Amino acid sequence: MMIVIMQASATMREKSAVIAWAEDAGCHVHLSEGNERTVIGIVGNGRPLNKEQVERMPGVERVVSVLKPFKIASREFKPENTTFPIGNHMVGGKGIIIMAGPCSVESRSQIIETAHAVKEAGAHILRGGAFKPRTSPYSFQGLGEEGLKYLAEAREETGLPVVTEVMEPALVPLVCEYADILQVGARNMQNYALLHAVGESQHPVLLKRGMSSLIEEWLMCAEYILSHGNTRVMLCERGIRTFEKYTRNTFDINAIAVAKHLSHLPVIADPSHATGRWEYVEAAAKAAVAAGADGLIIEVHPRPEEAMSDGVQSLKPERFAQLVREMKAVAQAVGRDIE
Ligand code: PEP
Ligand code: MN
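Values in this document were obtained by computation on a predicted structure and should not be read as measured data. (Residues numbered from 1 in each chain as written. Chains lettered and ligands numbered in written order. Predicted model: local features only at pLDDT ≥ 70, side-chain atom pairs only at ≥ 80, totals over all residues. Heavy atoms only, no water.)

Student: Talk me through the overall build of the protein chain; I want residue IDs and the actual numbers.
Tutor: Secondary structure summary: the protein chain contains 11 helices and 14 strands in total. Over its C-alpha trace the protein chain gives a radius of gyration of 21 Å, about what one expects of a compact globule, namely 20 Å for 339 residues. Across the 339 residues in the protein chain, those meeting the buried criterion constitute 55%. Considering only intrachain contacts with a sequence separation of at least 6, the fraction spanning at least 24 residues in the protein chain is 69%. Accessible surface, the protein chain: about 14600 Å² in total, of which carbon and sulfur atoms supply 51%. Here the protein chain holds 36 positive side-chain charges and 41 negative ones, and the gap between their average locations is 3 Å. (Helix = DSSP H or I, 4+ residues; strand = E, 2+ residues; numbered from the N terminus. Rg over C-alpha atoms; globule rule 2.2 N^0.38 Å. Buried < 20%, exposed > 50% of the residue type's maximum accessible area, 1.4 Å probe, protein only. Contact = heavy atoms within 4.5 Å. Areas by Shrake-Rupley, 256 points an atom, 1.4 Å probe, with all protein chains shown as cover. Lys, Arg positive; Asp, Glu negative; His and termini not counted. Charge placed at Lys NZ, Arg CZ, Asp CG, Glu CD.)

Spelled out as structure tokens, the structure:
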């Protein structure tokens with residue numbers, strides 16, 4: 001792939017000429033219109049690209065070859081942070097975005113009660129799984145479409161946008177009808193058919209890191225979504241598998257800094273799955289914000305002992321409210337804020 005950085009003064013006609021050159025050469029074009037300048041990504045799909053020819057075109061400032069395997073996801077392609085609004089909040093900007101709610105939608109009253117509680121505590125987005133990827137086929141698999149309807153009702157009542165997991169390509173249109181953000185779960189990170197389908201949707205995507213995935217593999221999965229035309233991707237670090245058994249996963253705090261360095265995409269941290277125990281969620285959440293995360297996704301349940309999934313890692317609403325209060329100081333210390 002090569003990246004064509006246009007001069008700030010480049011005209012529409014000059015940009016169009018570069019795009020036409022690439023299309024004539026049988027390449028794919030990815031356009032990134034920044035505040036200051038336009039960057040045109042040209043993907044050759046194995047064809048040799050004549051860099052010098054493009055360098056000589058009017059309006060072109062310079063041409064860079066991207067050597068990293070991820071291209072559109074890379075900071076080379078887009079140096080400034082990607083930001084986009086979700087509801088009334090901007091993801092990837094100065095504000096830290098907080099998503100909270102139960103692991104699973106269990107009933108209409110449970111999700112509506114939790115939605116009110118997390119909103120009251122300061123959350124910006126409601127989470128809740130309707131389709132659950134469970135380790136055992138005998139465990140609760142989620143309420144399916146009924147759960148999506150309850151989530152939509154909870155959004156109606158509270159105004160909170162909704163993030164929920166989609167597990168198969170065929171269900172992307174259904175989940176899009178009810179949800180504001182599509183979550184691709186850790187177990188499905190490399191489900192390429194699913195990445196293709198969410199990449200063709202117009203919904204923002206929360207892409208969780210696979211539990212044994214390299215950072216590069218995770219970014220390559222973001223690349224799949226981006227290459228299908230969806231620019232609104234959030235990366236989510238949710239802990240990885242290591243030899244340590246005391247916690248459910250090992251929170252890879254490095255991955256937050258590395259992903260922010262390599263990519264322009266917003267990075268969200270999931271301290272609930274990363275630790276697997278509610279007692280440690282607070283420490284991991286604060287560390288994530290200090291390390292540069294753009295947001296958090298936290299499991300909250302009004303009665304964790306009754307939860308149908310992930311009760312041991314779920315915070316009670318009061319604890320969650322306290323965490324949000326305490327996190328404001330952490331955010332401020334690193335030049336961010338929590339609205
Ligand atoms: C979840 O968010 O409840 C979930 C199943 O997460 P993960 O895919 O990270 O395990
Ligand atoms: Mn969960």
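Alright, that's what it looks like, and here's the rest.
Student: Tell me about the packing of aromatic side chains, and please be specific about residues and values.
Tutor: Summed over all chains, the structure comprises one aromatic pair. Centroid distance Y192 to Y224: 4.6 Å. Interplanar angle 35°. Geometry classified as tilted. In this pair, Y192 is assigned in helix α6 (residues 192-200) and Y224 in helix α7 (residues 215-227), connecting sequence segments 32 residues apart. (Phe/Tyr/Trp six-rings, centres within 6.5 Å; stacked < 30°, edge-to-face > 60°.)

Student: Please give an account of the environment of A259 that cites residues and values.
Tutor: In this structure, A259 sits in helix α8 (residues 253-262). Its relative accessible area of 0% is what places A259 among the buried residues. Each C-alpha atom, one on A259 and one on E237, is 9.4 Å from the other, the two residues being 22 residues apart in sequence. Filtering out sequence-adjacent residues up to four positions away, A259 remains in contact with W218, L235 and V267.

Student: Residue-level account of the coordination of the manganese ion (ligand 2), with values.
Tutor: Coordination of the manganese ion (ligand 2) by the protein comes from C103 (SG), H273 (NE2), E299 (OE) and D310 (OD), over a distance range of 2.0 to 2.4 Å. Here the donor residues of the manganese ion (ligand 2) share one chain and are spaced in sequence as C-x169-H-x25-E-x10-D. One end of the pair, C103, is in the loop between β7 (97-101) and α3 (108-121); the other, D310, is in the loop between β14 (295-299) and α11 (317-333), and 207 residues separate them in sequence. When sorted by exposure, C103 lands in the same class as D310, which is buried. (Donors = N, O, S within 2.8 Å, 3.2 Å for Na, K, Ca; no water.)

Student: How would you explain the packing of helix α10 (residues 278-290) against α11 if you had to name every residue and give the values?
Tutor: Where α10 meets α11, the axes come as close as 10 Å, and the angle between the chain directions of the two elements is 25°. When the axes of α10 and α11 are compared, the pair comes out roughly parallel. Considering how the two elements wind past one another, α10 and α11 form a crossing that is right-handed. Contact with α10, carried on its side by W278, V281, E282, A285, K286, V289 and A290, involves R319, L323, E326, M327, V330 and A331 of α11 and no other residues of that element. (Axes fitted to C-alpha atoms, helices over the stretch in contact; angles between N-to-C directions. Parallel < 35°, antiparallel > 145°, perpendicular 65-115°, else oblique. Left-handed = near helix turned anticlockwise from the far one by under 90°.)

Student: Give me the domain arrangement of the protein chain: which residues, what numbers.
Tutor: Where the parts come together, the accessible area they lose is often given as the size of the interface. Domain boundaries in the protein chain define domain 1 (2-65) and domain 2 (84-333). Computed over C-alpha atoms only, the centres of domain 1 and domain 2 are separated by 36 Å. (Domains from an automatic or database assignment.)

Student: Just give me the short version of α7, but keep the residues and values in it.
Tutor: Residues that lie three or four places apart on an α-helix share one face, since the helix turns once every 3.6 residues. Given a rise of 1.5 Å per residue, 13 residues ought to cover 18 Å, and the 18 Å separating the end C-alpha atoms of α7 matches this to within 8%. Buried within α7 are the following residues: I215, W218, L219, C221, A222, E223, I225 and L226. G229, located one to two residues past α7, shows a positive phi value of around 105°. (Expected span 1.5 Å × (residues − 1).)

Student: Outline the sheet that holds strand β4 (residues 60-65), listing residues and values.
Tutor: Hydrogen bonding along the main chain pairs the strands of a sheet, whether they run parallel or antiparallel. Pairing is antiparallel across the open sheet formed by four strands, whose spatial order is β2-β3-β1-β4. The open sheet is flanked by β2 (28-33) and β4, the only strands paired with a single partner. On average, each strand axis in the sheet is tilted by 20° relative to the strand beside it, whichever way the strands run. Note that strand β1 (residues 2-6) and strand β3 (residues 38-43) share four bridges and pair antiparallel. Residue pairing for β3: I5 is matched across the bridge by V39. Running over the sheet, helix α1 (residues 12-24) touches β1, β2, β3 and β4 and is turned about 5° from β3. (Pairing = 2+ DSSP bridges.)

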